[in-house]
Amino acid sequence: MKMDKIKIKDLEVFANHGVFPEETVLGQKFLVSCAIHLNTRKAGITDLLDESVNYGTICHLIKDEMEKNTFKLIESVAEHLAETVLESDPRIRQVDLEIKKPWAPIALPLDTASVEISRKWHEVYVAVGSNMGDKKRYIESALDGLAHTKGCRLLKVSKLIATEPYGRVEQDEFLNGAVKLETLLTPHELMDRLHELEKEAGRERTIHWGPRTLDLDILLYDHEIIEDDDLCVPHADMQNRTFVLGPMVEIAPHKRHPVSGKTMQEMLSELLADLT
């Protein structure tokens, strides 16, 4: 759904960012513009400031963050500001940000150099599982680590279910579940973070479909289709796994698969029918 916008144009901030010493010591003027994506419907109906995002507050937030930090690149300034604005209020779903640097030191006539970025919260579903040691503790520790990961918010967690192992390797039964989260991380950044959490749990990738202390897989990332050598989204085999679809139906029964267009409930019903 297309969202409403609150726009701020060319906010002037004097700050110390740049590659050259004179830029970081003497400082210079920057111009910041941003478009904040949110739903203003309730604020428009009630005429209450508390139901919207105060653009004055956002302006002061941008000014304070630019003044108290020093970056070499305006690309870094933009990333930091976008993340700070997005995390400042849960109603803000996306921010389009432009930072202009007037009279950039390039020894040529120039009005401004600028960087423009767009960042937003992404909706992600992750499968969780364990079949070694204290399975519940491994999963709970991973969820706690994910909840405390910068740029991640844990929204829903399914119940954990005991399931028979998938594949042909003899091993103990699994505990499986699924979680819904929103994140500012890219798909590959999130995958790297999940691998870090698996490693912290002592996960060793030695036997395909073998026993593991912790298994974390990205099932869905927005409606994106990713087919890289090291990452496949949607998860390539989720439609064949009751231990994935069951927890997904609990937390997102009407969520649609971006390729087949089927809901989680429809996929689970079809899979159970095929298995009987």
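The preceding data block contains the structure.
**A closer look at the overall build of the protein**
Stage number 1. In terms of regular secondary structure, the protein is built from 8 helices and 11 strands.
Stage number 2. With respect to the principal axes defined by its C-alpha atoms, the protein has extents near 70 × 50 × 30 Å.
Stage number 3. With 276 residues in all, the protein has 46% of them scored as buried.
Stage number 4. Carbon and sulfur atoms make up 52% of the accessible area of the protein, which totals about 15,300 Å².
Stage number 5. Within the protein, one finds 34 positive and 48 negative side-chain charges whose respective centroids are separated by 3 Å.

**Topic: the nonpolar core**
Stage number 1. One finds Ile-58, Ile-62, Met-66, Leu-97 and Ile-99 to be the most contacted residues of the largest nonpolar core, which totals 30 residues.
Stage number 2. At the level of elements, strand S1 (4-15), strand S2 (28-38), helix H3 (55-68), helix H4 (74-88), strand S3 (94-102) and strand S4 (112-120) are the ones that each hand at least two residues to this core.
Stage number 3. Beyond its immediate chain neighbours, meaning those up to four positions away, Met-66 contacts Val-13, Ala-15, His-17, Phe-30, Val-32, Val-77 and Leu-81.
Stage number 4. Judged by nonpolar contacts, the second largest core, of 25 residues, contains Leu-146, Leu-181, Leu-197 and Tyr-221.

**Topic: the sheet that holds S1**
Stage number 1. If you trace the 4 strands from one edge of the open sheet to the other, you get S1-S2-S3-S4, paired in antiparallel fashion. Every interior strand has two partners, whereas the edge strands, S1 and S4, have only one. Across the sheet, the axes of successive neighbouring strands diverge by a mean angle of 15°, strand direction being ignored.

**Some details on unusual backbone geometry**
Stage number 1. With an omega dihedral of 0°, the bond running from Val-233 to Pro-234 counts as a cis peptide bond.
Stage number 2. With respect to the element layout, Pro-234 can be found in the loop between strand S11 (232-233) and helix H7 (242-251).
Stage number 3. If you check the backbone angles, Asp-10 has positive phi at about 55° while not being a glycine.
Stage number 4. Relative to the assigned elements, Asp-10 resides in strand S1.
Stage number 5. Under the relative-accessibility criterion, Asp-10 is labelled partly exposed at 28%.
Stage number 6. Notably, Asp-47 is not glycine yet its phi reads approximately 60°, a positive angle.
Stage number 7. What makes Asp-47 exposed here is its relative accessible area of 68%.

Procedures and definitions
Residues numbered from 1 in each chain as written. Predicted model: local features only at pLDDT ≥ 70, side-chain atom pairs only at ≥ 80, totals over all residues. Heavy atoms only, no water. Helix = DSSP H or I, 4+ residues; strand = E, 2+ residues; numbered from the N terminus. Buried < 20%, exposed > 50% of the residue type's maximum accessible area, 1.4 Å probe, protein only. Areas by Shrake-Rupley, 256 points an atom, 1.4 Å probe, with all protein chains shown as cover. Lys, Arg positive; Asp, Glu negative; His and termini not counted. Charge placed at Lys NZ, Arg CZ, Asp CG, Glu CD. Core = buried A, V, L, I, M, F, W, Y, C linked by side-chain atoms within 4.5 Å. Contact = heavy atoms within 4.5 Å. Pairing = 2+ DSSP bridges. Axes fitted to C-alpha atoms, helices over the stretch in contact; angles between N-to-C directions.

Remember that the coordinates give geometry; whether it matters functionally is a separate question.
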